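What the coordinates show
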Amino acid sequence: MSALAKYRHVFLTGIQSNLVYRWNFAIRASFSLLHLVYVFILWGAAYSGKQEIGGFSIQATLTYFMLLLVLQYFLSPANDDYEISEEIRNGLINQFITKPINYLGYRLSLYFSARLVTGGLSLLPVLAAIPLLGPYIVFPGPEHAALYALAIPSLAFSALIQFTIAYCFGLLTFWFLEIQSFIILSLAFETVLGGQIFPLDLMPDWLHAISRWLPYYYQMYFPAALLTGRITDLNIALQGLAIQAGWVLALLALATVLWRRGLRRHTAVGG
Amino acid sequence: MFAAMLLHARIWLASIRYSLVRAMMFRGDFLMWALVEFFWMAANVLLVSVIYDHTDSIAGWSEFEMLLLVGTTQLTQRLLMAFFWSNLFELGRNVRSGHFDFFLAQPGSPLFMVSTRKFDLDGLVNVPVALAIVAYAAHRLNLDPTLGQLALYALFVGCGLVLHYSMLLAIISLVFWLQSAKGIEGGYFGLTEFSRMPREALRGAAAVFFVYALPVVIVSNVPARVLVDGPDATLTLWLLAATVFWLFVAVSIFHAGLRRYASASS
């Protein structure tokens, strides 16, 4: 079986197992519309009597949050870290040590299949709400084409960063019994420094400058800012893409080191 | 009746004692979780700070009134995290795995056993931080609450805890129908986001739904307002009635689910 065929099978199996939980995803996606309602009301009240905040209209800010929601479903790992942790704890990874399949490739295939299902299902309530949301959606015009083009590799890098962070957290199980606190702590940083509760350009300049060097900035904010016109300077965009690529490489290297070192600590038991 | 209550109180105390011993056995884990909760609170305070860097008022609420609201929500949520969150979160997992049988075999009401088995000290250690946010906001607003106002505030925060518990229980109990709680606890966070919002910001259908139909806005607005404006008989009755009603709804959903439960173990 060719290398590609192996991972294609994993991907297809992943789609099937994710479809089993379609109602959970649909409920979760519907609840996320609640978040959108919250965002609309909060920012609507903040914009009351104002034409713009931080140089952006209310439509631009709401478009940013809507896009973020969609990207979240297509890019953010849902349970990958916990599943990896379970596989290590229960000894299920033993089969990957003896079989000709790369564990990172296997998990990455499952990540893509889960994202395809959750992303697709989350689009349904968003599409249903389009008649209501439509007047608030504004994207930059054709003059922004170069930045749109940069958003494509940026989205791919963003997926890799998000997956690799989850993968690394899962691998921490080789050293720690419980990894949930690490994950939730990282989620808190990600929520703030990834631009999920407010666009990062609204933060004080010093904090914004620091955040540009952290991986959280490139998880979601950077591609969303490229697509919604919050980043308009081509040089800054290229610089950001280079930093983002750097984080992808650094995190993949970290994942490889953690896997190798972790396996040295791992003890496979049972018949 | 009294004997049964005493028995349950003793079971709860034993569970708390066990959880405290466990927390002290895994001190690193305890500190990490305390830090996690602290950062989530900081994130909410930062949101207020960032928005008010760009505006003076949200629906007529000043920055420190908003901080009072956010602090009150955090206070209620820290109490929920300390006493109930882990228990209800695990309910979702346990129904799927069949471990829920274990609770049915225990010498107490299943709902009580499910809700009180664990106590998270890390949630409780952040209660003073949330109180400090409330106190700081009150200080910056030059509030000088009377003892009566403080007592009502404490009562309303207690009602808030019951309301948050009810919302979480109602949502997690859906697991009896869905077979998996994967992702549904997110619904609780989706709903409680509205408790960080001034009631006046909601208008039209949103006001009908989030202010009047669901208790997600009054749960924080009523206690915050009692410190700013003093007691209001209508709001007090409204919050008390909502607390009783939603607890009844949540417990009914749980028991309806319990009747469907057929165990998952072999």
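See the structure above.
Residues numbered from 1 in each chain as written. Chains lettered and ligands numbered in written order. Predicted model: local features only at pLDDT ≥ 70, side-chain atom pairs only at ≥ 80, totals over all residues.

**Description of the overall build of chain B**
Each helix and strand in chain B was counted, giving 13 helices and zero strands. A compact globule built from 266 residues should have a C-alpha radius of gyration of about 18 Å, and chain B, at 19 Å, falls within 12% of that. Overall, chain B is about 60 × 45 × 40 Å in size when its C-alpha atoms are taken along their principal axes. Looking at chain B residue by residue over its 266 residues, the buried ones come to 43%. Put simply, of all contacts in chain B between residues at least 6 apart along the chain, 80% involve residues at least 24 apart. (Helix = DSSP H or I, 4+ residues; strand = E, 2+ residues; numbered from the N terminus. Rg over C-alpha atoms; globule rule 2.2 N^0.38 Å. Buried ≥ 20, exposed ≤ 12 C-beta atoms within 10 Å, placed from the backbone. Contact = placed C-beta atoms within 7 Å.)

**A closer look at the overall build of chain A**
Secondary structure assignment for chain A yields twelve helices and zero strands. In sequence order, the secondary structure elements of chain A are arranged as α-α-α-α-α-α-α-α-α-α-α-α. By principal-axis analysis of the C-alpha atoms, chain A measures approximately 70 × 40 × 35 Å. Evaluated residue by residue, chain A yields a buried proportion of 41% over its 271 residues. Look at the contacts in chain A between residues 6 or more apart in sequence, and 83% of them connect residues 24 or more apart.

**Notes on unusual backbone geometry**
A positive phi angle, near 50°, is found at Ala59(B), a position not held by glycine. Along the chain, the position of Ala59(B) falls in the loop between helix 2 (27-54) and helix 3 (63-97).

**Overview of the nonpolar core**
Proteins that are soluble and globular tend to have nonpolar side chains buried together. Counting 147 residues, the largest nonpolar core has Leu42(A), Leu226(A), Leu68(B) and Leu168(B) as the members making the most contacts within it. When residues in this core are grouped by element, the largest group, 17 residues, is from helix 3 of chain B. Other than its neighbours up to four places away in sequence, Leu42(A) contacts Met197(B) and Ala201(B). (Core = buried A, V, L, I, M, F, W, Y, C linked by C-beta atoms within 7 Å.)

**Here we look at the interface of chain A and chain B**
The parts lose accessible area when they come together, and the size of an interface is often stated as this lost area. On the chain B side, the residues contacting the 30 residues of chain A number 31 residues. Mapped by element, the contributors of at least two residues to the side of chain A that touches chain B are helix 2 (22-47) and helix 9 (180-193) of chain A. Top contributing element to the side of chain A that touches chain B by residue count: helix 2 of chain A, with 15 residues. Each residue belonging to the side of chain A that touches chain B can be placed in one class, and the counts come to 21 nonpolar, six polar and three charged. (Nonpolar A, V, L, I, M, F, W, Y, C, P; charged D, E, K, R; others polar.)

**Some remarks on the environment of Ile97(A)**
By secondary structure assignment, the location of Ile97(A) is in helix 5 (residues 94-98). Along the primary structure Ile97(A) and Leu263(A) are separated by 166 residues, whereas in three dimensions their C-alpha atoms are 8.8 Å apart.

**Thoughts on the packing of helix 8 (residues 145-171) of chain A against helix 12 (residues 234-265) of chain A**
All names here are of chain A. Helix 12 packs onto helix 8 with a crossing angle of 25° between their chain directions and a minimal axis gap of 9 Å. Between helix 8 and helix 12, the angle is such that the two are roughly parallel. Helix 8 and helix 12 meet at a crossing whose hand is left-handed. Taken together, the residues that form the contact of helix 8 with helix 12 break down as 23 nonpolar, four polar and no charged. (Axes fitted to C-alpha atoms, helices over the stretch in contact; angles between N-to-C directions. Parallel < 35°, antiparallel > 145°, perpendicular 65-115°, else oblique. Left-handed = near helix turned anticlockwise from the far one by under 90°.)

**Looking at the packing of helix 2 of chain B against helix 3 of chain B**
All names here are of chain B. Packing of helix 2 against helix 3 leaves a shortest axis separation of 10 Å and a crossing angle of 165°. Judged by the angle between their axes, helix 2 and helix 3 are roughly antiparallel. Here helix 2 runs over helix 3; the crossing is right-handed. Where helix 2 approaches helix 3, its residues Glu37, Met41, Asn44, Val45, Val48 and Tyr52 are matched on the opposing element by Glu63, Met66, Leu67, Val70, Gln74, Arg78 and Met81. Its residues assigned to classes, the contact of helix 2 with helix 3 shows eight nonpolar, two polar and three charged.

**Looking at helix 7 (residues 127-140) of chain B**
Residues and elements named next belong to chain B. Relative to the 20 Å expected for 14 residues at 1.5 Å per residue, helix 7 spans 20 Å between its end C-alpha atoms, a close match to the ideal helical length. Turning to helix 7, its buried residues are Ala130, Ile133, Val134, Ala137 and Ala138. Seen end-on, helix 7 carries its buried residues on one side only, within an arc spanning 130°. Structural note: helix 7 exposes Pro128, Ala132 and His139 on the side pointing more than 90 degrees away from its buried face. Looking at the packing, one finds that the buried side of helix 7 touches helix 2, helix 3 and helix 12 (218-229). Just downstream of helix 7, Asn142 is the residue with a positive phi angle, here 55°. (Expected span 1.5 Å × (residues − 1). Arc of directions from axis to C-beta.)

**Structural notes on helix 13 (residues 233-260) of chain B**
Turn by turn, an α-helix covers 3.6 residues, leaving residues three or four places apart pointing in a common direction. All names here are of chain B. The end-to-end C-alpha separation of helix 13 is 41 Å, in line with the 40 Å expected for 28 residues at 1.5 Å each. Every buried residue belonging to helix 13 is among Leu239, Ala242, Thr243, Trp246, Ala250 and Phe254, and all of these are buried. Where helix 13 is buried, its residues contact helix 5 (110-116), helix 8 (147-172) and helix 12.

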